[in-house]
Amino acid sequence: MEFGLDNLRLKDISTQSAADRVTVDSALALLAGLLPPTGDQVWSTSNYNADELARLWQPVAVSTVEAQRDWKLSTEAACRTAELVENVTITENVPELRHFLAANREVIRRLEVLTGEDFTGDLSWIWIANLYDTYISEAEYFGPAFYPPRWADEQTLAVLRQANELKFSVWGHDQAYLRLRGGPLLQEITDNLIRAAKDEAGGRSLAIYSTFDTNIAIIEHSLGIFRGNWTEMMMMIYCLMSTT
């Protein structure tokens, strides 16, 4: 195993997740792979097929905080300044987003009629991007059995794909926003590394943070490593890990 994690134990790991089923499940799946049970961690040794799980998985704690107070891992955490950027400043001050909304007004109206969704709010363009997420997820899951909705023509999917790329790229235009939404997590990771360098990590050797793809884009913008093609590079990655 890479990262020197061959001999990980439960007490070596701290895992935090945004309070959402998707991110919690992502953290649990990662932990299942990192920490398969061995020895007395195998909690059932019977020969029943149902107990095969005991030889493959052990329960590992994942900490969560309700979204309104989760400033590290959720963009839904209460912050008036950040919310002003999300609801007003980004739409007004990012030329490519303004152009996208103006150029595709008719497509967006048609989507409202065909999907029954309301795309007129402040963050309507993000909900359009989320519609693309739903489409590609269902297409991947159902495979040949997937029947595209009748609105999913080539032109409409191109608009949705562009909205999806904007959902990741626009946040780099506002440095104050990056500090507010990305700063708390980056500060904790930095503090973890400093404590580890001083041999003050308290026995923890791995910190795992499970969050949303948009939050990871914000972290990448904050670090100056976002390259603009998130969909192809890392769209399905939800977990950040820092070894100490």
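Look a little higher up for the structure.
A few points on the structure. (Residues numbered from 1 in each chain as written. Predicted model: local features only at pLDDT ≥ 70, side-chain atom pairs only at ≥ 80, totals over all residues. Heavy atoms only, no water.)

1. Focus: the environment of Glu86
In this structure, Glu86 sits in helix α3 (residues 80–93). Note on Glu86: relative accessible area 8%, which makes it buried. C-alpha separation for the pair Glu86 and Leu123, spaced 37 residues apart in sequence, amounts to 7.2 Å. Look past the residues within four positions of Glu86 in its chain and what remains in contact with it is Thr75, Leu123, Trp171, Tyr177 and Arg181. (Helix = DSSP H or I, 4+ residues; strand = E, 2+ residues; numbered from the N terminus. Buried < 20%, exposed > 50% of the residue type's maximum accessible area, 1.4 Å probe, protein only. Contact = heavy atoms within 4.5 Å.)

2. Focus on the packing of aromatic side chains
Overall, the coordinates contain six aromatic pairs when judged by the stated rule. Ring centres of Trp125 and Trp171 lie 5.9 Å apart, and the angle between their planes is 40 degrees; on these two criteria the pair is classed as tilted. With Trp125 in helix α6 (residues 124–142) and Trp171 in the loop between α7 (154–169) and α8 (175–197), this residue pair connects regions lying 46 residues apart in the sequence. Given a relative accessible area of 1%, Trp125 falls into the buried group. Look at Trp171 and Tyr177: their rings are 4.9 Å apart centre to centre, the planes differ by 20 degrees, and that puts the pair in the stacked class. In this structure Trp171 comes out as buried when scored by relative accessible area, which is 4%. Within the aromatic cluster, the residues linked to one another by ring pairs are Trp125, Trp171 and Tyr177. (Phe/Tyr/Trp six-rings, centres within 6.5 Å; stacked < 30°, edge-to-face > 60°.)

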